[in-house]
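Okay, here's what each chain looks like letter by letter:
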Amino acid sequence: MARITDEQVESVRRLVASVPVGNVVTYGDIASAAGLSSPRIVGWIMRNDSADLPWHRVLSASGKPAAHLAAKQLERLREEGVLASYGRVNLRAVRFGFE
């Protein structure tokens, strides 16, 4: 993977922090808003530097949570009023759009 800059990390962190309660975004939404070439970069940053962020509001493009965090992520979303059906969130209903 190409070197990830501190500016890219901060941009991703800022975008994740801006997602309101009751909404979700995809890794691709964040990559696009941050000007990154791939959602995988966002995934790498999230794995390494998101414990203090609302990480649970970031989903795959399919609306599914990360497999290893699915139960915890869906529970946190449910607490915020975001419901899943068969482990998938309806992105059309609750997707946040970055300005």
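Now for a description of the structure that goes with this document. (Residues numbered from 1 in each chain as written. Predicted model: local features only at pLDDT ≥ 70, side-chain atom pairs only at ≥ 80, totals over all residues. Heavy atoms only, no water.)

1. Describing helix 4 (residues 70–79)
(1) Moving on: Every buried residue belonging to helix 4 is among Q73, L74 and L77, and all of these are buried. On an axial view of helix 4, the arc spanned by its buried residues comes to 95 degrees, and they lie on one face. Across from the buried face of helix 4, at angles greater than 90 degrees, the exposed residues are A71, K72 and E79.
(2) Moving on: Against strand 2 (58–59), strand 3 (84–85) and strand 4 (88–89) lie the buried residues of helix 4. (Buried < 20%, exposed > 50% of the residue type's maximum accessible area, 1.4 Å probe, protein only. Helix = DSSP H or I, 4+ residues; strand = E, 2+ residues; numbered from the N terminus. Arc of directions from axis to C-beta. Contact = heavy atoms within 4.5 Å.)

2. A word on the layout of surface pockets
(1) Moving on: In this structure, the largest pocket spans a volume of roughly 260 Å³.
(2) Moving on: The element that contributes the greatest number of residues to the lining of the largest pocket is helix 3 (residues 39–48), accounting for three residues.
(3) Moving on: A class-by-class count of the residues in the lining of the largest pocket yields seven nonpolar, four polar and two charged. (1 Å grid on protein atoms, 1.4 Å probe; cavity = no way out; pocket = protein on both sides within 12 Å on 5 of 7 lines; lining within 4 Å. Points joined across faces, edges and corners; volume = space filled by probe spheres on them. Nonpolar A, V, L, I, M, F, W, Y, C, P; charged D, E, K, R; others polar.)

3. Focus on the pattern of salt bridges
(1) Moving on: The final tally for this structure, using the stated rule, is five salt bridges.
(2) Moving on: The residue R13 makes a salt bridge to D52 at a minimum N-O spacing of 2.8 Å. Linking R13 in helix 1 (residues 6–17) with D52 in the loop between helix 3 and strand 2, this pair joins segments that are 39 residues apart in sequence.
(3) Moving on: Assessed through its relative accessible area of 14%, R13 is described here as buried.
(4) Moving on: Residue R78 pairs with E75 through a salt bridge whose shortest N-O separation is 2.7 Å. Of this pair, R78 and E75 both sit in helix 4, three residues apart, which is roughly one turn of the helix.
(5) Moving on: A relative accessible area of 44% places R78 in the partly exposed class.
(6) Moving on: For E75, a relative accessible area of 33% puts it in the partly exposed group.
(7) Moving on: When salt bridges with common partners are traced through the structure, they connect R13, D49 and D52 into a single cluster. (Salt bridge = Lys/Arg side-chain N within 4 Å of Asp/Glu carboxyl O.)

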